[in-house]
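Each chain, written out:
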Amino acid sequence: MAHLPQHGPFPTLCAIAKWYDRRDFVFVEFCVEDSKDVHVQFDKSKFEFSCVSRRDKYYNDIELFGEIDPKQSKHSRTDRSVQCCLQKAEVGKPWPRLTKEKAKFKWLSVDFNNWRDWDDDSDEDMSSFDNFSEMMNNMGGDDLPDFDGAEEHDSADGDDEKMPDLE
């Protein structure tokens, strides 16, 4: 990681980032709300990210585990973060970590919400809703009650007596 530059009276910080790996791409999300002046520079073996948010300035210089195709790599900004999509130069090769250096960075973590096991190709193109629907359908349910036609009525078991008011 390169030396962090200082801009004006406020020091430059490393943006908190989450990453996950796919067959063709590596995704990195910089968690910076209300970012402005976003700059992302992709090179074959590294990329730089910088932006301003409120009074803070952020800069990350990341030497990558593998090489990427800088021309096919992209980024997009939302109000809550900046998402970078890095096109792998060697498609299908897994990245065990984002950085070239085998070190733990306080600002970087794995995005386990988006991480997928490569052995399970069936989920690759399914949306979250499809995954949820499939899970619910696979839970069984032949013996589950049908609530679609349920109506309110008095039951014969007597458990539905009126409760006394609380004092």
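Along each chain, numbering runs from 1 in the same order as the chain's sequence is written. The predicted nature of this model means local features are confined to residues of pLDDT at least 70 and side-chain atom pairs, given and counted, to a pLDDT of 80 or more, with totals for whole chains, interfaces and linings taken over all residues. For side-chain calculations, the full set of non-hydrogen atoms in the structure is used, while hydrogens and water are omitted.

Draft legend 1. Region of the structure containing the packing of aromatic side chains. Here is the rule: rings of Phe, Tyr and Trp (six-membered ring for Trp) pair when centre to centre is within 6.5 Å. Planes less than 30 degrees apart are stacked, more than 60 are edge-to-face, and the remainder are tilted. Under the defined criterion, the tally for this structure stands at eight aromatic pairs. Put simply, the rings of F30, F42, F47 and F49 pair up and form one aromatic cluster.

Draft legend 2. Representation of the layout of surface pockets in the model. As a volume, the largest pocket reaches approximately 160 Å³. Of the two site types, the cavity is a set of points on a 1 Å grid over the protein atoms alone where a 1.4 Å probe fits but cannot get out, and the pocket is an open set with protein on both sides within 12 Å along at least five of seven lines, each lined by residues with an atom within 4 Å of a point. For the largest pocket, the full set of lining residues is W19, R97, L98, T99, E101, K102, A103, K104, F105, L108, S109 and V110. Starting at the N terminus, helices and strands are each numbered in turn, a helix being any DSSP run of H or I of at least four residues and a strand any DSSP run of E of at least two. At three residues, strand β10 (residues 108-110) tops the list of elements feeding residues into the lining of the largest pocket. Grid points are joined across faces, edges and corners, and a volume is the space filled by probe spheres set on the points.

Draft legend 3. Here's a closer look at the nonpolar core. Side-chain atoms within 4.5 Å link the members of a nonpolar core, which is a set of buried Ala, Val, Leu, Ile, Met, Phe, Trp, Tyr and Cys residues. Relative accessible area decides the class of each residue, using a 1.4 Å probe on protein chains only: under 20% of the type maximum gives buried, over 50% gives exposed, and in between gives partly exposed. Among the nonpolar cores identified, the biggest contains 24 residues, and V28, F30, F47, L64, L86 and L98 are the most heavily contacted of them. Those elements that provide at least two residues to this core are β3 (17-21), β4 (25-30), β5 (35-42), β6 (46-53), β7 (56-63) and β9 (82-87). Contacts between residues were defined by any pair of non-hydrogen atoms, one from each residue, lying within 4.5 Å. When residues no more than four places from it in sequence are discounted, the contact partners of F47 are V28, F30, V40, Q41, F42, N60, D61, I62, L64, C84 and L86.

Draft legend 4. Summary view of the sheet that holds β10. At least two DSSP bridges between two strands are required for those strands to pair. The five strands are arranged β8-β9-β4-β3-β10 in an open sheet whose pairing can be described as mixed. The outermost strands of the open sheet, each flanked by one partner alone, are β8 (74-77) and β10. Neighbour-to-neighbour, the strand axes of the sheet open up by a mean angle of 20°, direction not taken into account. As judged from the five bridges shared by β3 and β4, these two strands associate in the antiparallel manner. Of the residues in β4, the one forming a bridge with Y20 is F27. Axes, fitted as lines to C-alpha atoms, cover a helix only where it is in contact. Angles between the N-to-C directions of the axes lie from 0 to 180 degrees.

Draft legend 5. Representation of the pairing of β8. Where β8 meets β9, four bridges bridge the pair, whose relative direction is antiparallel. Counted as the bridge partner of K74 is C85 from β9.

Draft legend 6. Layout of the pattern of salt bridges. For salt bridges, the criterion is a side-chain nitrogen of Lys or Arg within 4 Å of an Asp or Glu carboxyl oxygen. In this structure the tally under the stated criterion is eight salt bridges. In this structure, the salt-bridge partner of E29 is K18, at a minimum N-O distance of 3.8 Å. Taken together, the residues E29 in strand β4 and K18 in strand β3 connect sequence positions 11 residues apart. A relative accessible area of 18% means that E29 is categorised as buried. Classification of K18 as partly exposed rests on a relative accessible area of 27%. For K46, the salt bridge goes to E48, with nearest N and O atoms at 3.4 Å. Using a relative accessible area of 22% as the deciding quantity, one classes E48 as partly exposed.

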